Structures are given as C-alpha cells and as structure tokens.
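# Structural overview for review
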Amino acid sequence: RRRRMELNCAMGGSAAAPPGPGPPAAAAGAGLREGEEYESLPSGATLGTHMVAGAVAGIMEHTVMFPVDSVKTRMQSLQPDPKAQYRSVYEALKRMVQTEGFWRPLRGINVTVLGAGPAHALYFACYEKMKKSLSDIFQPGGNSHLANGIAGSVATLLHDAVMNPAEAVVKQRLQMFNSPYTSVLGCVRTVRRTEGLGAFYRSYTTQLTMNVPFQAVHFITYELLQEHLNPQRRYNPPSHIVAGAVAGAVAAAATTPLDVCKTLLNTQENTALSSLNIRGHLSGMANAFSTVYQLGGLPGFFKGVQARVIYQMPSTAIAWSVYEFFKYFLTKHSLEKKA
C-alpha cells in the first residue's frame, strides 16, 4: 500500500511540458508532479523513451497514410500519362486498385518503415536533448522558443539524412505510374549503377529547404491553437489531435511548391524532362523551380496540394497522439519500476 501511495503521488499531477518546434515532440508527462519536466526523470529511461516513442510515432505516421502518399506522388507529376490523370484522391486510389492491383498503393511501404524508425528515433533523441540544454542557457527554468527552433532545425538534419535516400528517392520511384522498378533492392541497385550514389541525396538540400519552413509554419499554427484549446498545456489527446491536424494542413499547403520540386528531383520524370530537351539528370533547387514553371506555370507548383493536405492532416494527428501516448506510457512504466 505504501508503494502504491508513493506511485500515485509521483503520477498525481497533470501539467505537461509545452511542446516546441519540430516534428511532433509534445511532452507526454501528464502524469508527472506539478511543474516537473519529463527530462528531469532518471536519465537511464529518458533517451530510450524518446527514441522508442519517436520510432513508433514515425512508423505509424508514414504507414497508416501511405496509400494517400502514393497518390500525392502521382498527382505531382508534371506531365502524367493519360492513364494516370486523376481528379481526386478517391478516384486515384480506386483506379490504382482496379487497374494495377489491390496492393499497388502500398508499393514502397517496406523501405519507408525501414527508414522511418531510425530517422524518427534520432530526431526525437536529438531534439529533446538539445531543447533542454539550450533552454537552460537561453531561458533558465523556462521554455525558450529560440531553443526549440534551433533544436528542431538540427534534429531535422539527422532525420532527413536517414529518410532522404529511403523514403524520398526509392519510395517515390516505386510509387510512379508505370515504374520500371518492382522491388526496393532492384531500385537501389539500378539508381546506384546508372546515376551514382549522389542520386540518393540529390534532393537533400531541397528536403531541408522544405522541412525548415514546414516545421516553422506547423508549430506557429500549433502553438496558437494550443493557447485556445489547451492553455494549461496538460496531457490532452483531443487538443493535440485537432491542433496537430490543422497545423499540418496549413503547413502542407504552404510548402507544396517545394514538395513538387522535391518530387521532380527524386523521380527525374523522363517525359517532363524530355519535353524541354533536358539531357542527363536534373539537379538543384533553382533548376527544379525553373522546370516546374516552364511546364506548368504557377499552377504547376500546387499540383497534388489536395492529396498533400489530406495526407498531412491525419499524419500529424497520428504522430502527435502516438508519440505522446508512448512517452507517457513508458514514463509511467519507469516510475512504477522505481517505486
């Protein structure tokens, strides 16, 4: 009974550390003492908790919405095949299943899972560690938005370094209509043989250029919504889901032009490049922007915006809720063992 009372005391409060910029990294310490940050728990559990919760959240985020992501990739094609011109996400999914098989929207999901786990584990571990260290410098005892921004930016460098080759280059080539690739290993070998190792990081700078403003817009919007929906910053899953979904949608729509350019660099769309007599491989953000404008004008930069928003809303909601749940669950388990 005494042990139970000690545990209840340790888990009694409901205040949670406020989240900061970056992918869903909200504190799930709803069960900690009043004013106690999750990072103040025993160090033996902190790093592992962040990594496990982050890995699970990343895998769930990318896999649950993967079919919609496949549609987004196709809808961003600058000169799609007549058989791959879609008016809506639903129509695209329906036609893909009917004409290409039930499992076609899931092609490439295995490489996404392999990349998402370690990428998000590294991200959350780096983000949480830097956020705490920098906050102690910039605003001792408080939550520094500057520290959150720097931590999120640095963590994004690690995340994209792992995800770019797997999730972007290989996955998107497997998702394209009439893709010549039938397997992950086959795609990797062909790209390496014909385009070199550098091809796997051709869109890395573009990815970073997109992710930094995406995270900025995402969390500015998220923080504004949290001030109204959850001003006490308690562990409140409904508020995190709603705020995360809306913030993800706004950020997705705002950064669609960069995503279109990234897709072009990843897929090296042959039909589009041939129509402009571009030989070899397209590289660089400036070249991608110029090519998109020549082929589609200003509307070309917003191809697939519907699919991107539909994909991002539940993705961010899933990531927030899963990360917070596992962080809370693992923290509670750690305290129970200590008690």
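What this report covers is the structure whose coordinates are included nearby. Note that this is a predicted model, so its numbers are computed, not measured.

### Quick word on the overall build of the chain
Counting its regular elements, the chain contains 13 helices and zero strands. For the chain, the sequential pattern of α-helices and β-strands runs α-α-α-α-α-α-α-α-α-α-α-α-α. A total of 339 residues make up the chain; the buried ones form 53% of that total. Long-range pairs, those at least 24 residues apart, make up 74% of the contacts in the chain with a sequence separation of at least 6. When the accessible surface of the chain is summed, it comes to about 15,300 Å², and 62% of that surface belongs to carbon and sulfur atoms.

### Quick word on a nonpolar patch on the surface
The grouping of Ile137, Phe138, Leu146 and Ile150 at the surface amounts to a nonpolar patch, some 380 Å² of accessible area in total. For the nonpolar patch, the elements supplying multiple residues, two or more each, are helix H5 (109–138) and helix H6 (145–175). Examined against the element boundaries, Ile150 turns out to sit in helix H6. Ile150 sits in the partly exposed class, given a relative accessible area of 32%.

### Here we look at the packing of aromatic side chains
For the coordinates displayed, the defined rule picks out seven aromatic pairs. Ring plane angle 85° and centroid distance 5.7 Å describe the contact between Tyr201 and Tyr204, whose orientation is recorded as edge-to-face. Ring geometry for Phe325 versus Phe326: centroids 5.3 Å apart, planes at 85°, classification edge-to-face. For Phe325, a relative accessible area of 40% gives the class partly exposed. Joined through ring pairs, the aromatic side chains of Tyr123, Phe124 and Tyr323 make up one cluster.

### Description of the side chain of Glu91
Counting through the fold element by element, Glu91 comes out in helix H4 (residues 89–100). Look past the residues within four positions of Glu91 in its chain and what remains in contact with it is Gln85 and Tyr86.

### Let's talk about helix H7 (residues 184–195)
In an α-helix, one turn spans 3.6 residues; hence positions three or four apart end up facing the same way. The end-to-end C-alpha distance of H7 is 16 Å, a good match for the 16 Å that 12 residues give at a rise of 1.5 Å each. For H7, the full list of buried residues reads Val184, Cys187, Val191 and Glu195. The buried residues of H7 all sit within an arc of 65° when viewed along its axis, so they share a single face. Opposite the packed face of H7, turned more than 90 degrees from it, sit the exposed residues Leu185, Arg189, Arg192 and Arg193. You can read the cap of H7 off the contacts: a side-chain oxygen lies 3.1 Å from the backbone nitrogen of Gly186, and it is on Ser183. Of the residues flanking the end of H7, it is Gly196, one or two places downstream, whose phi is positive at about 85°.

### Quick look at the environment of His218
Along the chain, the position of His218 falls in helix H8 (residues 204–229). In sequence terms His218 and Gly248 are 30 residues apart; their C-alpha atoms lie 5.7 Å from each other. The contact partners of His218, leaving out residues within four places of it in the chain, are Gly244, Ala247, Gly248, Ala251, Thr316 and Trp320.

### As for the pattern of salt bridges
If you walk through the whole model with that rule in mind, you get 10 salt bridges. We note a salt bridge from Lys72 to Asp259, for which the minimum N-O separation is 3.0 Å. Separated by 187 residues along the polypeptide, Lys72 in helix H3 (residues 66–75) and Asp259 in helix H10 (residues 256–267) bring together distant segments of the chain. By relative accessible area, which is 1% here, Asp259 ends up buried. The residue Glu91 makes a salt bridge to Arg95 at a minimum N-O spacing of 3.3 Å. In this pair, Glu91 and Arg95 both sit in helix H4, four residues apart, roughly one turn of the helix. Assessed through its relative accessible area of 17%, Glu91 is described here as buried. Overlapping salt bridges bring together Asp69, Lys72, Lys171, Asp259, Lys262 and Arg308 as one network.

### Points about the packing of H3 against H4
Put simply, H3 and H4 touch, their axes get as near as 10 Å, and they point 95° apart. Considered as vectors, H3 and H4 are oriented roughly perpendicular to each other. In this structure, H3 uses Pro67, Val68, Ser70, Val71 and Arg74 to contact H4, whose residues at the interface are Val89, Ala92, Leu93, Met96 and Glu100. Tallied by class, residues from the contact of H3 with H4 come to seven nonpolar, one polar and two charged.

Reading the values: rules and limits
- Residues numbered from 1 in each chain as written.
- Predicted model: local features only at pLDDT ≥ 70, side-chain atom pairs only at ≥ 80, totals over all residues.
- Heavy atoms only, no water.
- Helix = DSSP H or I, 4+ residues; strand = E, 2+ residues; numbered from the N terminus.
- Buried < 20%, exposed > 50% of the residue type's maximum accessible area, 1.4 Å probe, protein only.
- Contact = heavy atoms within 4.5 Å.
- Areas by Shrake-Rupley, 256 points an atom, 1.4 Å probe, with all protein chains shown as cover.
- Patch = residues over 30% accessible without salt bridge, like charges linked within 9 Å, V, L, I, M, F, W, Y side chains within 5 Å.
- Salt bridge = Lys/Arg side-chain N within 4 Å of Asp/Glu carboxyl O.
- Phe/Tyr/Trp six-rings, centres within 6.5 Å; stacked < 30°, edge-to-face > 60°.
- Expected span 1.5 Å × (residues − 1).
- Arc of directions from axis to C-beta.
- Polar contact = N/O pair within 3.5 Å; in protein donor to acceptor, adjacent residues only side chain to side chain.
- Axes fitted to C-alpha atoms, helices over the stretch in contact; angles between N-to-C directions.
- Parallel < 35°, antiparallel > 145°, perpendicular 65-115°, else oblique.
- Nonpolar A, V, L, I, M, F, W, Y, C, P; charged D, E, K, R; others polar.

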